[in-house]
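Listed here are the chains, written in short residue letters.
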2 protein chains.
Amino acid sequence: MRELGLSVTVDRIGNIFGVRPGKREGPPVMSGSHIDTVGTGGLYDGNLGVLAALEVAAVLNDANLQTEHPFCEGVRFQPDMMGSTCFQGGLPLETALAIEGIDGKTVGDELTRIGYAGDQEVGFPVKAFMELHIEQGPVLEEEGIRIGCVTGVQGISWQELTITGVSNHAGTTPMRLRKDAGYAAMAIATGVRQIAKDMGGNQVSTVGSLTLHPNLISVVANKAVMTIDLRNTDEALLQEAEQRTQDLIQRVTEAEGVSYSTRSLARFKPANFEPAMIDMVEAVATEMGFSNRRMPSGAGHDAGLICLNAPTSMVFTPSVRGISHNIEEYTHPEDIEAGANVLLQCLLRLLTSP
Amino acid sequence: MRELGLSVTVDRIGNIFGVRPGKREGPPVMSGSHIDTVGTGGLYDGNLGVLAALEVAAVLNDANLQTEHPFCEGVRFQPDMMGSTCFQGGLPLETALAIEGIDGKTVGDELTRIGYAGDQEVGFPVKAFMELHIEQGPVLEEEGIRIGCVTGVQGISWQELTITGVSNHAGTTPMRLRKDAGYAAMAIATGVRQIAKDMGGNQVSTVGSLTLHPNLISVVANKAVMTIDLRNTDEALLQEAEQRTQDLIQRVTEAEGVSYSTRSLARFKPANFEPAMIDMVEAVATEMGFSNRRMPSGAGHDAGLICLNAPTSMVFTPSVRGISHNIEEYTHPEDIEAGANVLLQCLLRLLTSP
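Residues numbered from 1 in each chain as written. Chains lettered and ligands numbered in written order. Predicted model: local features only at pLDDT ≥ 70, side-chain atom pairs only at ≥ 80, totals over all residues. Heavy atoms only, no water.

**Looking at the overall build of chain A**
When helices and strands are counted, chain A shows 10 helices and 16 strands. Against the globule reference of 20 Å for 354 residues, chain A gives a C-alpha radius of gyration of 23 Å, in line with a compact fold. Each of the three principal axes of chain A carries a C-alpha extent, and together these read 80 × 45 × 35 Å. In chain A, which comprises 354 residues, the share counted as buried stands at 56%. Partitioning the contacts of chain A with sequence separation of at least 6, the portion at a separation of at least 24 is 80%. As displayed, chain A offers around 14300 Å² of accessible surface, 51% of which is attributable to carbon and sulfur atoms. Distance between charge centres in chain A, computed from 26 positive and 43 negative side chains, equals 5 Å. (Helix = DSSP H or I, 4+ residues; strand = E, 2+ residues; numbered from the N terminus. Rg over C-alpha atoms; globule rule 2.2 N^0.38 Å. Buried < 20%, exposed > 50% of the residue type's maximum accessible area, 1.4 Å probe, protein only. Contact = heavy atoms within 4.5 Å. Areas by Shrake-Rupley, 256 points an atom, 1.4 Å probe, with all protein chains shown as cover. Lys, Arg positive; Asp, Glu negative; His and termini not counted. Charge placed at Lys NZ, Arg CZ, Asp CG, Glu CD.)

**Looking at helix α4 (residues 107-114) of chain B**
Given 3.6 residues per turn, any residue in an α-helix points the same way as the ones three and four places further on. All names here are of chain B. Those residues of α4 not exposed but buried are Val107, Gly108, Glu110 and Leu111. Projection of α4 onto a plane perpendicular to its axis shows the buried side chains occupying an angular sector of 165 degrees, all on one side. Structural note: α4 exposes Asp109, Thr112 and Arg113 on the side pointing more than 90 degrees away from its buried face. Among the structural elements, α2 (82-88) and α3 (93-98) are those in contact with the buried residues of α4. Downstream of α4 by one or two residues, glycine 115 has phi in the positive range, about 80 degrees. (Arc of directions from axis to C-beta.)

**Looking at the packing of helix α8 (residues 275-287) of chain A against helix α10 (residues 333-352) of chain A**
All names here are of chain A. α10 packs onto α8 with a crossing angle of 125 degrees between their chain directions and a minimal axis gap of 9 Å. Classified by the angle between their axes, α8 and α10 sit oblique to one another. The crossing of α8 and α10 is right-handed. Counting all contacts with α8, which are made through Met277, Met280, Val281, Ala283, Val284, Ala285 and Glu287, the residues of α10 involved are Val342, Gln345, Cys346, Arg349 and Leu350. Here the residues of the contact of α8 with α10 are counted per class, giving nine nonpolar, one polar and two charged. (Axes fitted to C-alpha atoms, helices over the stretch in contact; angles between N-to-C directions. Parallel < 35°, antiparallel > 145°, perpendicular 65-115°, else oblique. Left-handed = near helix turned anticlockwise from the far one by under 90°. Nonpolar A, V, L, I, M, F, W, Y, C, P; charged D, E, K, R; others polar.)

**Observations regarding the relation of the copies chain B and chain A**
Each copy of the sequence occupies a distinct position, and chain B is placed on chain A by a rotation of 180 degrees and an axial shift of 0.0 Å, giving an RMSD of 0.1 Å. Both copies are brought into coincidence by an operation consistent with a two-fold rotation axis. Of every C-alpha in chain B, the one belonging to Met186(B) sits nearest the axis of rotation, 2.5 Å from it. (Least-squares fit on C-alpha atoms with pLDDT ≥ 70 in both.)

**So, the nonpolar core**
Core analysis: the largest hydrophobic core is formed by 54 residues, its most contacted members being Ile188(A), Leu210(A), Ile188(B) and Leu210(B). If we ignore the near neighbours within four places in the chain, the residues touching Leu210(A) are Ala185(A), Met186(A), Ala224(A), Val225(A), Met226(A), Met186(B), Leu210(B), Leu212(B) and Asn215(B). Grouped together as the second largest cluster of nonpolar side chains are 33 residues, Leu6(A), Met277(A), Met280(A) and Ala338(A) included. (Core = buried A, V, L, I, M, F, W, Y, C linked by side-chain atoms within 4.5 Å.)

**Some points on the interface of chain B and chain A**
Listed per partner, the contact involves 61 residues of chain B and 61 residues of chain A. Both sides together, the interface formed by chain B and chain A hides about 5000 Å², and carbon and sulfur atoms give 59% of it. Contact with chain A buries surface across chain B, with Met175(B), Arg193(B) and Ile217(B) losing the most and accounting together for 15% of the total. At the junction of chain B with chain A, the criterion picks out four salt bridges. A salt bridge links Glu256(B) to Arg193(A); the shortest N-O distance between them is 2.7 Å. Taken together, the links from chain B to chain A amount to 18 residue pairs in polar contact (both at pLDDT 80 or more). Elements that contribute at least two residues to the side of chain B that touches chain A include exactly α5 (139-143), β8 (168-169), α6 (181-199), β9 (204-206), β10 (210-213), β11 (219-220) and β12 (223-232) of chain B. Here the side of chain B that touches chain A gets seven residues from one element, more than from any other, and that element is α6(B). A per-class count over the side of chain B that touches chain A returns 25 nonpolar, 26 polar and 10 charged. (Buried area = accessible area lost by both parts, 1.4 Å probe. Salt bridge = Lys/Arg side-chain N within 4 Å of Asp/Glu carboxyl O. Polar contact = N/O pair within 3.5 Å; in protein donor to acceptor, adjacent residues only side chain to side chain.)

**Some remarks on the pairing of strand β7 (residues 155-164) of chain A**
Residue and element names in this part refer to chain A. Extensive coverage of β7 is indicated by the burial of nine of its 10 residues. Inspection of the sheet shows β7 paired to strand β13 (residues 259-268) by nine bridges, in the antiparallel sense. Looking at β13, one finds that isoleucine 163 is bridged to tyrosine 260. (Pairing = 2+ DSSP bridges.)

**Overview of the packing of helix α1 (residues 47-62) of chain B against helix α10 (residues 333-352) of chain B**
A packed helix pair is summarised by two numbers, namely the angle formed by the two axes and the spacing between the axes. Residues and elements named next belong to chain B. At a minimum axis separation of 10 Å, α1 and α10 run at an interaxial angle of 55 degrees. Viewed along their axes, α1 and α10 adopt a mutual orientation that is oblique. For the element pair α1 and α10, the recorded crossing hand is right-handed. Where α1 approaches α10, its residues Leu48, Ala52, Ala53, Val56, Val59 and Leu60 are matched on the opposing element by Ile336, Ala340, Leu343, Leu344, Leu347, Leu348 and Leu351. Its residues assigned to classes, the contact of α1 with α10 comprises 13 nonpolar, no polar and no charged.

**Considerations on the domain arrangement of chain A**
Residue and element names in this part refer to chain A. For chain A, the domain assignment lists domain 1 (7-153 + 270-352) and domain 2 (155-268). In this complex, domain 1 contributes 10 residues to the contact, which on the side of domain 2 involves nine residues. A buried area of about 670 Å², summed over both sides, lies between domain 1 and domain 2, and 68% of it is on carbon and sulfur atoms. Scanning the region where domain 1 abuts domain 2 turns up zero salt bridges. Linking domain 1 with domain 2 are one residue pair in polar contact (both at pLDDT 80 or more). (Domains from an automatic or database assignment.)

**Quick notes on the packing of aromatic side chains**
Given two aromatic rings, their pairing is described by the distance between the two centres and the angle made by the two planes. For the coordinates displayed, the defined rule picks out eight aromatic pairs over all chains. Between Phe17(A) and Phe87(A) the ring centres are 5.6 Å apart and the planes differ by 35 degrees, which places this aromatic pair in the tilted class. Here Phe17(A), found in strand β2 (residues 16-20), pairs with Phe87(A), found in helix α2 (residues 82-88); they are 70 residues apart in sequence, far enough to count as distant. Note on Phe87(B) and Phe124(B): the rings are 4.9 Å apart at their centroids and 90 degrees apart in plane angle, and the pair reads as edge-to-face. Taken together, the positions of Phe87(B) in helix α2 and Phe124(B) in the loop between α4 and β5 (128-134) put the pair 37 residues apart, joining distant regions of the chain. Every member of this aromatic cluster is reached through a ring pair, and the members are Phe17(A), Phe87(A) and Phe124(A). (Phe/Tyr/Trp six-rings, centres within 6.5 Å; stacked < 30°, edge-to-face > 60°.)

**Remarks on the side chain of Asp11(B)**
Residue and element names in this part refer to chain B. Position of aspartate 11 relative to the elements: it lies in the loop between β1 (7-10) and β2 (16-20). For the buried residue aspartate 11, which engages in no salt bridge, the nearest side chain bearing the opposite charge is arginine 12, 8.2 Å off. Within the structure, the side chain of aspartate 11 is placed 2.9 Å from the backbone nitrogen of asparagine 15, a separation counted as a polar contact. With near-sequence residues (within four places) excluded, aspartate 11 lies in contact with Phe17, Phe87, Tyr116, Ala117, Gly118, Gln120, Glu121 and Val122.

**Things to note about unusual backbone geometry**
Going from His213(A) to Pro214(A), the amide bond is cis rather than trans, its omega being -5 degrees. Mapped onto the fold, Pro214(A) is located in the loop between β10 (210-213) and β11 (219-220). Of note in this structure, Arg321(B) is not a glycine but carries a positive phi near 55 degrees. Residue Arg321(B) is classed as exposed on the basis of its relative accessible area, which comes to 53%.

**Examining the state of the cysteines**
Residue and element names in this part refer to chain B. One pass over the full model with this rule turns up zero disulfides over all chains. Cysteine cysteine 72 remains unbridged, with the sulfur of cysteine 86 as its closest cysteine sulfur at 16 Å. Using a relative accessible area of 1% as the deciding quantity, one classes cysteine 72 as buried. Distance from the sulfur of cysteine 346, which forms no disulfide, to the nearest cysteine sulfur (cysteine 149) is 8.4 Å. Residue classification places cysteine 346 among the buried positions, given a relative accessible area of 0%. (Disulfide = S-S within 2.5 Å.)

Next up, the structure:
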């Protein structure tokens, strides 16, 4: 950012901004993404949108173009979209800074340690926001389409479910007398899949994490901790999936005679982008001759939070075999070029509009 | 053992024997059990049978009784019934010594390290074998019965199943395109429970261990490693359970488009004790006024291996709430006393018979 002559600031939750001034003062057009990814992730998730926005700034510099509005590039800091959530006003700063990580350290202490506890207050008006991102799913590649014009972000419901049963000997405990926390967890997990199948449409449901205790071959598990990830583009349907899951948990745990507790890990409503912004992405992609389609995002994105306060859309590029959150994540260079050019043209329109 | 004046030997697989001579030379009457238990186990599993046999030797000493036959007490060393298996001739010594533990160290090296690589050859003729053990199940307590006259040991089939799918983003991958190793594992686990329910009788089935990779909330698992524990008192039914489980694995993995491999961790046929030995336990318990019932053992025991070469039975005492392989494992002192007295009287009959 400094090499590109941007004026760099860091806010108190660690969001990093680089501003390229326009003719006017006032809310900037903003683009960016996140530089972290999941523990097993690849190279593209997040970073693509950061590098593409930097490339747009470089192109503006090379063309010596003074835009109408300032251009601002932001990246977020962990955990999941916390920077964007604070920026958008969805989480008080002091609450976020006090959050403990799995290692017991707080966000605030860690930001100070790495030198990213900035002094800028969190949040400012944004004229418009654009984010380039890999699709992280298989749809564009399957249909042979180059550009996704993103209509919004799926709502996300994450919960952790802890089931407590009775640990016992696997050989001597008749089936009818078992209170098997592991069985209950696995029956719920398969039921969660069935709910997604029954609901159809955009409903997706995943149990990606399950830990049994004591996790021994010959011992009925007395404790199971699992996560349930539910997503839908429609808030009413997402609530239906949550309710069905709750009923399932109730039914299975009662039948097995085990107890349970749940804890919400995240809950984001579906976000719908502004129609004019989606139209613009579609028009630019079509004018540039790139095959394109409208589609919702299945993954959560910073744009899904920023859009609550500013006109927003996203540009998706295909993910090879739909693989993401995986070291094999890959997007072809020609697809990246196409996506970055759509981003550039969209930003130019926004930056030079009256 | 030394305090009781027994002559102590250790064999090359670490089995420890204390011999109290009788009037005659020749095969001894033997009693004992194991001193290890599972990682989360309690105080009684195994140790009770070792301490009870020591107590019998102490009683014989206190009574200054010279028995007809020598009395020998043995305990086994880890892993699962390896000492008894070698003693019985079911596993070559050199194979056992070369087995690597989960820490990569071999049985032989560890035996040498702790000073229990004895110089006695493994295995010798035994006139009869008796083992006192906690039931490790809820049946005796439920029925208010003090002594279990054990008729045999359930057959055990242990396998490890590894399922390989494709790791992917939980939000963007449509349900129909998933190759979810975790889902396949959990569907198999619930199916394994259903097989036990459908078969009824003495069939028990447990998935006590399941590990997902990468085990993250928002990532479809690409790998699942699970154990399947099947037990039955009837070999044909145990084979039926194995076949049904195999069919289930085939069906579920095909439907999900994931691959799998299996590995046998243990396989013991059901063992039936000699009728005369079971009759003796029943007669002794009844003569002493203890309520008793015949029952198979759901757990594996050293007696289940020794019985292949020598007349064998076991005495069970109740386990409170059927809990075993758990730190809460408990047996009331009066039940232990009753069980140890039945053991004593059975051993006296065997030791003093012509």
